[in-house]
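A look at the structure
Below are the chains, spelled out letter by letter.
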Amino acid sequence: MTQDNGNSQDVQERIGVYVCHCGTNIAGTVDVQQVAEWAATRLKRRGVVIGRDYKFMCSSLGQELIENDIKELGLTRVVVAACSPHLHEATFRNACQRAGLNPYLCELVSIREQVSWVHTDKVAATVKSQAVVSGGVERVLRHEPLEPLRVPIHPATLVVGGGIAGIQSALEIADAGYRVYLVEREPSIGGHMAQFDKTFPTLDCSACILTPRMVQAGAHPNITLLTYSEVEKVDGYVGNFVVTIRKKARKINEELCTGCGICQEKCPVKVIDDVYEAGLGYRKVVYTPFPQAVPKFPVMDVENCTYFKKGTCKACEKFCPTNAIDFNQQDEVFSVEVGNIVLATGYDLFDARRVTNYGYGRLPNVFTSLEFERLSNAAGPTNGSIVLRDGKTVPKAVGIIHCVGSRDRNFNNYCSTICCMQGLKFAHLVHERTGATVYNFYIDMRTAYKAYDEFYQRVLEEGTLFVRGKVAEVTDVPRIKDEEGHLIIQCEDTLAGKQRRIPVDMVILSIGLQPRADAKETAKKFGLSCSADGWFIEKHPKLDPVATMTEGVYIAGCAQGPKDIPSSVAQGAAAAARVLGKIQQREMALEPVRASINQDQCSGCRICNNLCPFNAILFHDDRMVSEINPALCQGCGTCVAACPAGAISGTAFSNEQIMAQIEGLMLLNVGEEITL
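Below, the structure is looked at part by part. (Residues numbered from 1 in each chain as written. Predicted model: local features only at pLDDT ≥ 70, side-chain atom pairs only at ≥ 80, totals over all residues. Heavy atoms only, no water.)

1. Points about the sheet that holds strand β11 (residues 229-237)
What counts, and what does not: A pair of strands is treated as paired once DSSP finds two or more bridges between them. Labels follow the DSSP assignment, with helices taken as runs of H or I lasting at least four residues and strands as runs of E lasting at least two, numbered in each case from the N terminus. Helix axes are fitted only over the stretch in contact, all axes being lines through C-alpha atoms; the angle between N-to-C directions runs from 0 to 180 degrees.
Sheet architecture is open: three strands sit in the order β11-β12-β17, paired in antiparallel fashion. The sheet is open, and its two borders are formed by β11 and β17 (332-338), each paired with just one other strand. Geometrically, the sheet is characterised by an average inter-axis angle of 20 degrees between neighbouring strands, direction not taken into account. By the bridge criterion, eight bridges tie β11 to strand β12 (residues 240-247) in an arrangement that is antiparallel. When the bridges of β12 are listed, K233 appears paired with T244.

And the structure:
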């Protein structure tokens, strides 16, 4: 262990230590002046020539303080004790660069998240801050000047997901004059929004505002639409991704098909449409999901096609006027090169059957929110008539239950954001079309965005009855004569302070949103991480909500978390803006903090290959060694820690630097012991 080895490096370097008050965030718990003075005196032999404290070191005045000291005192290293490096490391590196110092000779240590926010004892927090600064000084002594890696940016972009967020991203980029590959796994773009009747709070016709965008995307000269397709593999790095895509066989020759619809008309087989019609309607085996689908080409349901089951029929082929039916068509696999990727893969709906006490799947007149969307849609299975499962009875009383599968520790603890407004919209539509009595059962009413609360007031004025309290049960077992023949909603009315049983004819469950079932698999494919709930994790929840920790991969819409249509559109446009910024740079600088493998020491065990979250490590079978792609590596250090042979080292995270920082934290470099 180093006590004070007095080597030449220690005495040659000139280090400045800067301690930030961060208002009272740090200064309220840490004696920052004492920490700065301690560093200037006790760490003098370690090269510290100046120690300063300032109220907001990240401000322009704080940065100028550092820049002036670098120039006037000839500083060769800088340590800033402030907030997390995640927030302001780039800020202080830029300040050093402006003063002529290599930006990677700056070390930012956190005394906010790791000290002031986790301690209440000011003396102990001050001593710990001194130790943290001491560790930073020892580490920065071993920093080396680095230069960023520069990579070219391919101008094409991949957008995955053809919902409203993906469509918005694709159009923004394409309108700027750049190529976009828009990949959608369903036969048509449009996403969930294509299934809705009205959108809150303005009650616009969903199809009327969505389909023009769909047509625009489908006809745009800069957009290559790849529907009924999925991404199989992603290689490469920011600016230079190579994406392998599987385009599934529609059994329809798209070059010959005119979208006339005769094949659908003549197909003799009908099956229940579990996707677009949510199980309430039927579709043919040769079908387009909905009349306004983009592209217009139908797709063949091979599993239910009589020809593929029995070898007979071929009615579609017989009647097709352009001979576009191709029973032998196979999946097509190909690759595209892109510089950036936008993931707008959307969400799944919560399975209401999991809340067994609400009776969905057991009681016929309990509907999910998506089923009600289709019921109320003029293009839906009942042509917009709101009726019970028998297809003819109009309900006289309807109960709408909020937060089904959301804000519930048994299922999803988060708020799905859209349920309150969705419930209000349903109440309005039921009033408008049936005149029924409507009850809304809610936990808290959340109408936070523009014109949302005004819509709430409107629904109140229409006579909707609101019951605050969580519903305990939906049952068809009556206790009194008035309940016979009805569904009974039993709940606690927390405002009235009593239990209630309310008979209704129809129950609508406002079900929550949840991550796609394959979200983790998708995240691994694109080098992302998922939160505990399963949503893709953004780079920063407030300051960078569309970027991810993988350079060149952005997220938009409900792939990041539950949100409504306006927020999804805004985030789709924001992701496009970030992509366009990258494209217009033509090349970009990457952080030089990367891992590297000493191939002479590599044993070829491949442990690092499987652990790398960014797929940055390749294995050479011919030489039996691994190699790191520096452009793909994010410098996380996972491989460095895992390598049993010690063959991997991380720039700025070498063993020597880490051990020196530990010695500094223990105050061994100044011969002190930590006493609290």
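2. Some details on the packing of aromatic side chains
So the rule is basically this: Two rings belonging to Phe, Tyr or Trp (six-membered ring only in the last case) form a pair when the distance between their centres is within 6.5 Å. Interplanar angles under 30 degrees mark stacking, angles over 60 mark edge-to-face geometry, and anything in between is tilted. Relative accessibility under 20% of the residue-type maximum defines a buried residue, over 50% an exposed one, and the middle range a partly exposed one, all with a 1.4 Å probe and only protein chains included. The criterion is that NZ of a Lys, or CZ of an Arg, lies within 6 Å of the ring centre and within 35 degrees of the ring normal, and then a charge sits over that ring.
Throughout the structure, instances matching the rule amount to twelve aromatic pairs. For the pair Y414 and W535, a centre-to-centre distance of 5.8 Å together with 70 degrees between the ring planes defines the contact as edge-to-face. Taken as a pair, Y414 in the loop between β21 (397-404) and α13 (419-434) and W535 in the loop between α15 (519-526) and β29 (553-555) lie far apart in primary sequence, 121 residues in all. For the pair formed by Y414 and W535, the shared burial category is buried. Each residue in the set F200, Y449 and Y452 is aromatic and connected to the rest through ring pairs, giving one cluster. The ring of F653 has R139 sitting right over it, with the charged end atom 4.4 Å from the ring centre. Taking the ring centre of Y287 as reference, the NZ or CZ of R283 above it sits at 4.0 Å.

3. Considering the environment of D235
We count it as follows: Residues count as neighbours in contact if any of their non-hydrogen atoms are within 4.5 Å of one another.
In this structure, D235 sits in strand β11. In this structure the C-alpha to C-alpha distance between D235 and L632, which are 397 residues apart in sequence, comes to 9.4 Å. With residues near it in sequence (within four places) discarded, D235 still touches N240, F241 and V242.

4. Section: the pairing of strand β7 (residues 180-184)
The condition that has to hold: The crossover handedness rule: strands pointing away from the viewer, path from first strand over the helix to second strand clockwise, crossover right-handed.
Counting buried residues along β7, five of its five residues qualify, which places the element largely inside the surrounding structure. Of the two faces of β7, the one carrying V180, L182 and E184 and the one carrying Y181 and V183 are both buried. Relative to β7, strand β6 (residues 157-160) is paired through four bridges, and the arrangement is parallel. The residue bridging T157 from the neighbouring strand is V180, located in β7. This β-α-β element, β6 to helix α7 (residues 164-175) to β7, shows right-handed connectivity. One ladder, built from five bridges, connects β7 with strand β10 (residues 223-227); its direction is parallel. Its bridge partner being in β10, Y181 is matched across the sheet by T224.

5. Describing a nonpolar patch on the surface
The criterion, for reference: Nonpolar side chains (Val, Leu, Ile, Met, Phe, Trp, Tyr) within 5 Å and like charges within 9 Å form the patches, drawn only from residues with over 30% relative accessible area and no salt bridge. The Shrake-Rupley method, run with a 1.4 Å probe sphere, supplies the accessible areas, and residue values consider only the shown protein chains as cover. Salt bridges are defined as contacts in which a side-chain nitrogen from Lys or Arg sits within 4 Å of a carboxyl oxygen from Asp or Glu.
A cluster of nonpolar side chains, F653, I658, M659, I662, L665 and M666, forms an exposed patch at the surface whose accessible area comes to about 480 Å². F653 gets classed as partly exposed once you look at its relative accessible area, which sits at 39%.

6. Here's the deal with the nonpolar core
Cut-off, in case you're wondering: Side-chain atoms within 4.5 Å link the members of a nonpolar core, which is a set of buried Ala, Val, Leu, Ile, Met, Phe, Trp, Tyr and Cys residues.
Judged by nonpolar contacts, the single largest core of 44 residues is most densely connected at V17, V78 and V80. Considering every element that reaches this core, the biggest residue donor is helix α6 (residues 122-140), with six residues. If we ignore the near neighbours within four places in the chain, the residues touching V78 are G16, Y18, I66, I70, C96, L101, L105, C106, E107 and V140. One finds V180, M193, A194 and A293 within the second-largest nonpolar core, a separate group that totals 39 residues.

7. Thoughts on unusual backbone geometry
Of note, the bond from F200 into P201 is cis; its omega dihedral lies within 30 degrees of zero at 0 degrees. Looking at where P201 falls in the secondary structure, it is placed in the loop between β8 (198-199) and β9 (204-205). Cis geometry marks the peptide bond from V294 to P295, where omega comes out at 5 degrees. In this structure, K314 is a non-glycine residue whose phi angle is positive, near 60 degrees. Considering the arrangement of structural elements, one finds K314 in the loop between α10 (306-310) and α11 (315-319).

8. A look at the side chain of Q661
Using the following cut-off: What qualifies as a polar contact is a pair of N or O atoms within 3.5 Å, subject to a donor-acceptor requirement within protein and to the restriction that residues adjacent in sequence count only when both atoms come from side chains.
Looking at the element boundaries, Q661 is found in helix α19 (residues 655-665). Given the relative accessible area of 17%, Q661 is considered buried. Looking at Q661, its side chain comes within polar contact range of the side chain of R139, at 2.9 Å. When neighbours within four sequence positions are excluded, Q661 is seen to be in contact with E107, G135, G136, E138 and R139.

9. Points about the sheet that holds strand β18 (residues 340-343)
Judged by pairing direction, the sheet is parallel, and its five strands sit side by side in the order β10-β7-β6-β18-β29 without closing on themselves. Bordering the open sheet on either side are β10 and β29, each of which pairs with just one other strand. Recorded for the sheet is a direction-independent mean angle of 15 degrees between the axes of neighbouring strands. When β18 meets β29, the two strands line up parallel, connected through three bridges. Pairing of I341 across the sheet is with V553, part of β29. Along the sheet, helix α16 (residues 565-585) contacts β6, β18 and β29; its crossing angle with β29, the most-contacted strand, is approximately 165 degrees.

10. Quick look at the pattern of salt bridges
What the rule picks out here adds up to 36 salt bridges. Notably, a salt bridge pairs E254 with K247, separated by 3.5 Å at the nearest N-O pair. For E373, the salt bridge goes to K425, with nearest N and O atoms at 2.7 Å. Pair noted here: E373 is in helix α12 (residues 369-376) and K425 is in helix α13, with a separation of 52 residues, a long-range link. A relative accessible area of 2% places K425 in the buried class. Through salt bridges with shared partners, one network takes in R46, E138, R142 and E656.

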